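# Notes for the structure review
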Amino acid sequence: MAASVRCFLRSGKNAVSALGRRGFHKSAPAAVQMMVRDALNQAMDEELERDERVFLLGEEVAQYDGAYKVSRGLWKKYGDKRIIDTPITEMGFAGIAVGAAMAGLRPICEFMTFNFSMQAIDQIINSAAKTYYMSAGFQAVPIVFRGPNGASAGVAAQHSQCFAAWYAHCPGLKVVSPWNAEDAKGLLKSAIRDDNPVVFLENELMYGVPFEMSEESQSKDFTIPIGKAKVERQGTHVSLVSHSRYVSHCLDAAVVLAKEGIECEVINLRTIRPLDVECIETSVMKTNHLVTVEGGWPQFGVGAEICARIMEGPAFNYLDAPATRVTGVDIPMPYAKILEDNSLPQIKDIIFSVKKTLNV
Amino acid sequence: MKNMLTIISNALCRITGRNVLLIDLSEYVNVTSPPAVPALAQTQAQTQRQPPKPPPVSTRAPAAQLVSAQADQLDTPGTRAVVSRSFADFTSQATFDIKKCDVHRLEEGPPLKAELTREQGLRYYRIMQTVRRMELKADQLYKQKIIRGFCHLYDGQEACAVGIEAAINPSDHLITAYRAHGYTYTRGIAVKEILAELTGRRGGVAKGKGGSMHMYAPHFYGGNGIVGAQVPLGAGIALACQYQGNNQVCVALYGDGAANQGQLFESFNMAALWKLPCIFTCENNQYGMGTSVERASASTDYYKRGDFIPGIRVDGMDVLCVREAFKFAAEHCRSGKGPIVMELKTYRYHGHSMSDPGVSYRTREEIQEVRSKSDPITMLKERMLSNNMASVEEFKEIDIAIRKEVEEAAQYATSDPEPPLEELCNHIFSNDSPLEVRGTNPWARLKSVS
């Protein structure tokens, strides 16, 4: 984790100095560094300003400025009506948020972590996701459920689960998993503007990571479409498909592998449901090898779905080896650092899997 | 003959709400049924399928006039010519004593007297009777296996739905659990669309995709299958009312079985904290499926279960008692006092659902006793008859008309075609571009549009 932070700070610095060198001929483009939490904050701020039906509710979102400071300053700016502190009653406030969405508002319902969303999962699935279908298109539910998902650091088994596969299983939901600050901002804005229930899976370990924000992303109307993956790094030998924090791991692994002459194509899924299978297929048809990387458990997970979809589509015939999944270890998350570190995919695991897949 | 015609024409005047009656009564000799009723049961042509917008003005303006307790329309100035036979034959309005409600954390409760006009009485009768006959028709269709799956019938509880609707506005909001057919009707969906939804046809209110427990209408949020889940939703709808400052309230209904759900208490807490205009309403029909209230709840005073929230216990078999109590409750919420908990003591004649005969946990004698002593429709009819507010023949006419309406609705529901397979995957997402949906096998690529 520290390695990735240093890696990105380095790349950020390089980018800035490169821009500086070119700056003699024209004004430097406004390259800005922004942490993921600030990008999320900015997205919510802009959408709250744009549409008065948008409001945020959750535990500690108002006066505490957010358990992870993602909603810092919003209560001060928008007040009690738009930023609502709730009691610790997930099932109740998630249901209230869904009801408010049915009656014309556009709530953002924050779960302090998605582990607590299990208390409210009936409201997410049965009251939110299925309603538009059950009502044959009469009752829409424009709501965003957001919060940190997956492992943190040292928070042990009950606070470390990844819910991407669980929510992505259900028709009627969109499931989004941003990686960097630009993803966070553009996808959250899209999610808030979407007329459907969106599960927005953030990552606590990414909140404090700064990324460069393109000029385009600094606009108040900058959105990233839900359902489209992004190729973060072009490559020719293997397709590394990942989401959220592990995109960083894939990019780091790609740097190491490049020194050995293996060029990895790194795909940032951005959205889990609907999955951008075409992007993966196009890549696999080019590289002939597929490795998926995720933090969640292996069984019935995101990687499992990607493998199944590739098998069912045209890209199967282009595979020179079976697809490989790199996942979290199939255990509840332990506490001790050495155990925790070895419960999640590390860069060395990705490198190892790529070489095995390529048979080198 | 002329006497009969007069009676019929009087009845028609009242039922249709028209001030003017065609002059020549002989034209009515061949009347078989009254024209389509413009009141609460009007057909909702559901042409608007969009995400909810900021609070709309009521989409059923004409109904609003009829719902609120209005003086007899004929008293308003400008009323036009009436029949040659005067209405003085019937009492146009009477005041009835109603049962005192038990209250919790309230200085005063709903009034002890209720005014009823002839027009209101006939209307409440007609609506309750329509719900009754519709539910009995559903029973029949279910036994013929034309309706399948779940079917939870509301007969016996009609006074709750009708009394509530009489007390609130169409622009208010209502959400209930799965025993929802009665509310679907009172909130504006035609009988034929309800029955066609039960039989799973394309003309059903949810195009056959929802079924018994998932029917929706403007300001009616179903029809919810998960016990208790509708209550936080109702509190959320009330939050939206408060947020939008539209002076509307939400009635969130649940049963005695759901009254012990944790999410209810979570909702009570937030509703009280934030003073949400939510009328939490427990329809206590004494049994949660096969479990009597004494066996399920440590406290059966459901109107007190809101603890810090004021509560009222109401005779749910008396439509006037329900109406007055809900007028009181709506006023409480609209004045910014926060939520209120209502308990309607009522009774269902059928079992929990069609798969429950309903006699393993209660006696036939008990059911029969309620039917003979407390039936809501009979009670209203007897009140009106003994106060000369209407005649036996009028009620008979109404019954005949309703029977016909329900019969025709059942005809429609059994003959309308099933939804086309092309619609299978539609309505996954709102306001979205078309997407591909995986079918049962990888080669089945189905199309879904919003």
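What counts as what
- Residues numbered from 1 in each chain as written.
- Chains lettered and ligands numbered in written order.
- Predicted model: local features only at pLDDT ≥ 70, side-chain atom pairs only at ≥ 80, totals over all residues.
- Heavy atoms only, no water.
- Pairing = 2+ DSSP bridges.
- Helix = DSSP H or I, 4+ residues; strand = E, 2+ residues; numbered from the N terminus.
- Buried < 20%, exposed > 50% of the residue type's maximum accessible area, 1.4 Å probe, protein only.
- Contact = heavy atoms within 4.5 Å.
- Polar contact = N/O pair within 3.5 Å; in protein donor to acceptor, adjacent residues only side chain to side chain.
- Axes fitted to C-alpha atoms, helices over the stretch in contact; angles between N-to-C directions.
- UniProt positions renumbered as here; feature names shortened; annotations may be inferred.
- Core = buried A, V, L, I, M, F, W, Y, C linked by side-chain atoms within 4.5 Å.
- Expected span 1.5 Å × (residues − 1).
- Phe/Tyr/Trp six-rings, centres within 6.5 Å; stacked < 30°, edge-to-face > 60°.
- Lys NZ or Arg CZ within 6 Å of the ring centre and 35° of its normal.
- Parallel < 35°, antiparallel > 145°, perpendicular 65-115°, else oblique.
- Left-handed = near helix turned anticlockwise from the far one by under 90°.
- Nonpolar A, V, L, I, M, F, W, Y, C, P; charged D, E, K, R; others polar.
- Buried area = accessible area lost by both parts, 1.4 Å probe.
- Salt bridge = Lys/Arg side-chain N within 4 Å of Asp/Glu carboxyl O.

The subject of this paragraph is the pairing of strand S11 (residues 435–438) of chain B. All names here are of chain B. As paired strands, S11 and strand S12 (residues 445–448) are joined by 4 bridges and run antiparallel to one another. By the bridge assignment for S12, Val-437 is matched with Leu-446. Where S11 hands over to S12, the hairpin turn is made up of 6 residues, counted between the paired strands.

Attention shifts here to the environment of Ser267(B). Residue and element names in this part refer to chain B. Following the sequence through the fold, Ser-267 ends up in helix H8 (residues 262–274). Ser-267 sits in the buried class, given a relative accessible area of 0%. For the pair Ser-267 and Gly-204, spaced 63 residues apart in sequence, the C-alpha to C-alpha distance is 32 Å. Setting aside anything within four residues of it in sequence, one finds Ser-267 in contact with Val-231, Pro-232, Ala-235 and Phe-280. Separated by 2.7 Å, the side chain of Ser-267 and the backbone oxygen of Gln-263 make a polar contact.

Moving on, we get to the sheet that holds strand S9 (residues 311–315) of chain B. Either a parallel or an antiparallel arrangement is found when strands of a sheet pair, and the pairing is made through backbone hydrogen bonds. Residue and element names in this part refer to chain B. Pairing in this open sheet of 6 strands is mixed, and the strands run S2-S9-S10-S6-S5-S4 from one edge to the other. For this open sheet the edge positions go to strand S2 (102–104) and strand S4 (173–175), each flanked by a neighbour on one side alone. Neighbour-to-neighbour, the strand axes of this sheet turn through a mean angle of 20°, independent of strand direction. As judged from the 6 bridges shared by strand S6 (residues 278–284) and strand S10 (residues 340–345), these two strands associate in the parallel manner. Following the sheet pairing, Phe-280 is matched in S10 by Val-341. Helix H7 (residues 230–244) contacts S4, strand S5 (250–255) and S6 of the sheet and is inclined by roughly 170° relative to S5. Contacts between helix H10 (residues 319–334) and the sheet are confined to S5, S6, S9 and S10, with S10 contributing the most and set at about 170° to the helix.

Before going further, it helps to examine the UniProt feature "domain: Dehydrogenase E1 component" (unreviewed entry) in chain B. Summarizing the sequence annotation, UniProt attributes the feature "domain: Dehydrogenase E1 component" (unreviewed entry) to residues 128–421 of chain B in the numbering used throughout. For residues 128–421 of chain B, helix accounts for 46% and strand for 11%, while the C-alpha atoms at its two ends are 36 Å apart.

Residues Phe145(A), Tyr254(B) and Phe280(B) are the most contacted members of the largest nonpolar core, which totals 78 residues. If you look at the next biggest cluster of nonpolar residues, it comprises 75 residues, including Ala167(B), Leu174(B), Val251(B) and Ala330(B).

Residues and elements named next belong to chain A. Over its 13 residues, helix H4 (residues 90–102) extends 18 Å from the first C-alpha to the last, a length consistent with the 18 Å expected when each residue adds 1.5 Å. Most of H4 sits inside the fold, with 12 of its 13 residues counted as buried. Restricting attention to buried positions, one finds in H4 the residues Glu-90, Gly-92, Phe-93, Ala-94, Gly-95, Ile-96, Ala-97, Val-98, Gly-99, Ala-100, Ala-101 and Met-102. Among the residues trailing H4, Gly-104 stands out with phi positive, at a value near 115°.

Counted under the stated rule, the structure contains 15 aromatic pairs over all chains. Taking 5.8 Å as the distance between ring centres and 65° as the angle between the ring planes, the aromatic pair formed by Phe114(A) and Tyr167(A) counts as edge-to-face. Of the two residues, Phe114(A) sits in the loop between strand S4 (106–110) and helix H5 (117–129) while Tyr167(A) sits in helix H7 (residues 164–168), which places them 53 residues apart along the sequence. Neither Phe114(A) nor Tyr167(A) differs from the other in exposure class; each is buried. Ring geometry for Trp179(A) versus Phe211(A): centroids 5.2 Å apart, planes at 70°, classification edge-to-face. Of the two residues, Trp179(A) is situated in the loop between strand S6 (174–176) and helix H8 (181–193) and Phe211(A) in strand S8 (residues 210–213); the sequence distance between them amounts to 32 residues. For the pair formed by Trp179(A) and Phe211(A), the shared burial category is buried. Through a chain of ring-to-ring contacts, the aromatic side chains of Phe93(A), Phe111(A), Phe114(A), Phe145(A), Phe163(A), Trp166(A) and Tyr167(A) assemble into a single cluster. Between the NZ or CZ atom of Lys174(A) and the centre of the ring of Phe429(B), over which it lies, the distance is 4.7 Å.

Here the focus is the packing of helix H4 (residues 158–167) of chain B against H10(B). All names here are of chain B. Taken N-terminus to C-terminus, the directions of H4 and H10 make an angle of 40°; their axes are 7 Å apart at the nearest point. Classed by the angle they form, the pair H4 and H10 counts as oblique. Of the two possible hands of crossing, H4 and H10 adopt the one that is right-handed. Of the residues in H10, those in contact with Ala-159, Cys-160, Val-162, Gly-163, Ile-164, Ala-166 and Ala-167 of H4 are Val-319, Val-322, Arg-323, Phe-326 and Lys-327. Of the residues that constitute the contact of H4 with H10, the class distribution is 9 nonpolar, 1 polar and 2 charged.

This part is about the interface of chain A and chain B. Counting residues at the interface gives 47 residues for chain A and 45 residues for chain B. Across the chain A to chain B interface the summed buried area is about 4100 Å²; carbon plus sulfur atoms make up 65%. Remark: the boundary between chain A and chain B carries 15 residue pairs in polar contact (both at pLDDT 80 or more). Of all elements in the fold, only strand S2 (54–58), strand S3 (83–85), H4, H5 and helix H6 (131–134) of chain A reach the threshold of two or more residues within the side of chain A that touches chain B. At 11 residues, H4(A) tops the list of elements feeding residues into the side of chain A that touches chain B. Across the side of chain A that touches chain B, the residue classes tally to 21 nonpolar, 15 polar and 11 charged.

Our next topic: the sheet that holds strand S13 (residues 290–293) of chain A. Residue and element names in this part refer to chain A. A sheet is described by the order of its strands in space; here 5 strands give the open sequence S9-S11-S10-S13-S14, paired in mixed fashion. Strands with a single pairing partner mark the edges of an open sheet, and in this sheet they are strand S9 (230–233) and strand S14 (324–326). The mean inter-strand angle of the sheet, taken between neighbouring strand axes irrespective of direction, is 25°. Packing of helix H10 (residues 277–287) onto the sheet brings it into contact with S9, strand S10 (238–242), strand S11 (264–268) and S13, and relative to S11 it is tilted by some 175°. Of the strands in this sheet, S10, S13 and S14 are in contact with helix H11 (residues 302–312), which crosses S13 at around 155°.

This paragraph deals with the pattern of salt bridges. All names here are of chain A. In this structure the tally under the stated criterion is 43 salt bridges over all chains. For the salt bridge of Arg-72 with Asp-38, the shortest nitrogen-to-oxygen distance reads 3.7 Å. Separated by 34 residues along the polypeptide, Arg-72 in the loop between S2 and helix H3 (74–78) and Asp-38 in helix H2 (residues 36–50) bring together distant segments of the chain. What makes Asp-38 partly exposed here is its relative accessible area of 28%.

This part is about unusual backbone geometry. Put simply, Arg273(A) and Pro274(A) share a cis peptide bond, and its omega is 0°. When you line up the elements, Pro274(A) lands in the loop between strand S12 (271–273) and H10. In this structure, Ser244(A) takes a positive phi of about 60° despite not being glycine. Here Ser244(A) is to be found in the loop between S10 and helix H9 (246–259). In this model, Lys207(B) sits at a positive phi of 55°, which is unusual for a non-glycine residue. With respect to the element layout, Lys207(B) can be found in the loop between helix H6 (191–198) and H7.

Attention shifts here to the packing of H9(A) against helix H13 (residues 347–358) of chain A. Residues and elements named next belong to chain A. Contact geometry for H9 and H13: axes closest at 9 Å, N-to-C directions at 60°. Relative to H13, the element H9 lies oblique. Crossing angle aside, the handedness with which H9 passes H13 is right-handed. Here His-249, Cys-250, Asp-252, Ala-253, Val-256 and Leu-257 of H9 lie close against H13, whose contacting residues are Ile-347, Ile-350, Ile-351, Val-354 and Lys-355. In terms of residue class, the contact of H9 with H13 is built from 8 nonpolar, 1 polar and 2 charged.

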